[in-house]
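The residues making up each chain are set out below.
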Amino acid sequence: MSVINSLIKLDHYLERIESWILIAGVLTMAGNTIANVLGRYVFSQSIYFSEELNQFLVVIVTFMGLGYATRKGMHIRMSALFDILPPRTRKVMMIFIAFITAVMMAVLAWYAFEYVQKIAARGRVTPALQFPLYLTYIWVIVGLALASVQYLLTALKNLNLKDENVYVSHNRIDSYDDPQTESLLARQVDNGQDFDSPLNDKKGSK
Amino acid sequence: MTFLMLTVMVCLLLIGFPMKMPLLAAAVLGFMIFMPDLSLQIVIQQMIGGVKPATLIAIPMFILAADIITRGRSATRLIDLVMSFVGHIRGGLAIAVTSACALFGAVCGSTQATVVAVGGAMRGRMLETGYKDSFTIGLIVNAANLAYLIPPSIGMIIYGVISGTSIAELFIAGIGPGLVIVALFSVYCAWYAKRQGIPVHPRIAWRPRLRALRHALWPLGFPVIIIGGIYGGVFSPTEAAAVCVLYAFVLEFVFFRSIRLKDMADIALSTGALTSVVFILISAGAIFSWTLSYAQVPQTIINSLGLEQAGPLMILLAINIAFFLGCMFVDSVVVILILVPIFAPLISAAGLDPVLVGVFITLQVAIGAATPPFGCNLFTAIAVFRRPFIEVVRGVPPFLLILLFVTILLLLVPDIALLLRDAAFR
């Protein structure tokens, strides 16, 4: 268990790094796209590398977000049949699911590595910025590998059969509450308080 | 072999694997069976290629704009606006919910956010006025689906990219059916209120109406940018999305001061994570559809269903049924990614208008989201209203019937969708 615990501690730092990459990726993407529109309409001059930069950012956000979303238990599953199984069976199933997914991610990470190596050897560069193409693809390897680790941690966390809970990720227990709805609801509570509308009166709700 | 591929996919789906796995496993399996000499590097190449189309940037931009808006009070302002105008007619409160959902859907495009924002604010008030809870929740989960049809719509963007259809045309074509649904829902609400003897609210004077309009003016800028900008040919959907982000930021940060600069990190993070969840599916969908077409799976399926000689109406009907059934069980993005490549050869062979097909698909996606057993709005409603599944589902059937009626109506009169599109683009 202690190995898992130290891995989880390490994972905490990883989460922070992934968060910053996602934040920087999204904000740059927004800035770039907005600047391009403004450039086109206000100064009638498009940014020549805008599309290329966005492609690069989309690849980063997609694959670096993979591990992050896995950790948060955000990936959509069809859990209807899963949910009616008895707890013990669910737990075993989750180990199976997480393990197989981890293997798939690892296999893909390996082929991503081969692919990026091939591109690096050919010395391909991006058309507008003349930037080495393989550097924009390295994130795919990293992202898939980190996702594999996340699923492996999930499988390991569920191995402890004494613990009744089924974990969808190493730090999230399986529940009906959808993470996205939860965060939307949290915002409602933040905002509703000082609003003076009569429509906001929640007395009648049970 | 095709059968093996599809069986593996369905099994992984049913067991409860994360949704990217059925797509990836089917693709990798098909790849190894049909192209044993090729390296799996092509899988990676296709996965990267799948997220690269420039138009897909509209998705994170619309998600980001919605993320900013839902932290503010745009929803309450829009609700106040429609309440002040329709509150006094019979069933006014229910009609206000329908219109508010349509308006908010035109602002942010997420059905979940619409259920939370409009439903959360209106359910208590509807119950107080005497509406039954089953009717109230049924109305909210179904009216929230207008967010799919009324632009911006993420489902339409994905369909547009993978089928090579103009997203601008899809957006404009979705408006007509959306308005028809608003109208039919409103008629049903009025009839229901009359039968149940639900009291009407007093008519509101023009002065407060104008005040409500002034309050809602800023959020109403979103539909002007998106619908007006695209209809008028000023913006492409991606540009409209970027302008929306800028507008949302200026609105909530500068004018309303509902977000602070440090909130932007939070917002960007949740947008990034959600984008990744959707894009990894698109990425897996790209290699899935590539393998599918390489192995000629669509033809095999179409032949085995006896659809190769079918007429356009028959094909549309088949598409509707397939998407309706699919969306009852599986997340809409996944259904679009799996079924569109399968039907694609059939659609082009029959010479069907891909925009019309896209509207039908979006309509079925919308219906499926509120249909038991697994419509995603139902689960949002369970979480938001803290009611058990069975109570959330009870009020759905009448609205489902209306939506299926709209499907038939659209089959008979495609101009409901195409008239606006033709006016704007032809």
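Below you will find a few notes about this structure. Not measured: the values here are computed from a predicted model.

With that out of the way, let us pick up helix 16 (residues 297-304) of chain B. Residues and elements named next belong to chain B. Residues of helix 16 that are buried include every one of V297, P298, I301 and I302, and no others. Buried positions in helix 16, seen along its axis, are confined to an arc of 130° and lie on one side of it. The inward-facing, buried residues of helix 16 abut helix 1 (2-15), helix 15 (263-294) and helix 18 (332-349).

Next up on the list: the environment of B:Y294. Residue and element names in this part refer to chain B. Locating Y294 in the fold gives a position in helix 15. Sequence separation between Y294 and F34 is 260 residues; the distance between their C-alpha atoms is 8.3 Å. The contacts of Y294, once residues within four sequence positions are left out, are F34 and M35.

All names here are of chain B. Counting through the fold element by element, E169 comes out in helix 11 (residues 167-196). Residue classification places E169 among the buried residues on the basis of a relative accessible area of 14%. The sequence separation of E169 and L261 amounts to 92 residues, and the corresponding C-alpha distance is 36 Å. Among residues more than four places away in sequence, those in contact with E169 are V355, R421, F425 and R426.

On to the packing of aromatic side chains. Residue and element names in this part refer to chain B. Overall, the coordinates contain 22 aromatic pairs over all chains when judged by the stated rule. Considering the side-chain rings of Y131 and F135, the 5.7 Å spacing of their centres and the 10° angle between planes classify their relative orientation as stacked. For the pair Y131 and F135, one class covers both residues: buried. Ring geometry for Y188 versus F399: centroids 5.3 Å apart, planes at 85°, classification edge-to-face. Of the two residues, Y188 sits in helix 11 while F399 sits in helix 22 (residues 396-412), which places them 211 residues apart along the sequence. Judged by relative accessible area, Y188 falls into the buried class, the value being 17%. Classification of F399 by relative accessible area gives buried; the value is 0%. Put simply, the rings of Y131, F135, F185, Y188, W191, Y192 and F399 touch in pairs and so form one group of aromatic residues. When the ring centre of F256 is taken as reference, the NZ or CZ atom of R77 above it lies at 4.0 Å. A cation over an aromatic ring shows up here: R209 above the ring of W206, its NZ or CZ 4.8 Å from the ring centre.

Okay, unusual backbone geometry next. Residue B:P152 is bonded to the preceding B:P151 through a cis peptide linkage, with omega at 0°. Mapped onto the fold, B:P152 is located in the loop between helix 9 (146-149) and helix 10 (154-163). Of note in this structure, A:S44 is not a glycine but carries a positive phi near 40°. Inspection of the secondary structure assignment puts A:S44 in the loop between helix 1 (2-42) and helix 2 (50-71). Despite not being glycine, B:Q296 shows a phi value in the positive range, around 55°. The residue B:Q296 is located in the loop between helix 15 and helix 16 in this model.

Rules and cut-offs
- Residues numbered from 1 in each chain as written.
- Chains lettered and ligands numbered in written order.
- Predicted model: local features only at pLDDT ≥ 70, side-chain atom pairs only at ≥ 80, totals over all residues.
- Heavy atoms only, no water.
- Buried < 20%, exposed > 50% of the residue type's maximum accessible area, 1.4 Å probe, protein only.
- Helix = DSSP H or I, 4+ residues; strand = E, 2+ residues; numbered from the N terminus.
- Arc of directions from axis to C-beta.
- Contact = heavy atoms within 4.5 Å.
- Phe/Tyr/Trp six-rings, centres within 6.5 Å; stacked < 30°, edge-to-face > 60°.
- Lys NZ or Arg CZ within 6 Å of the ring centre and 35° of its normal.

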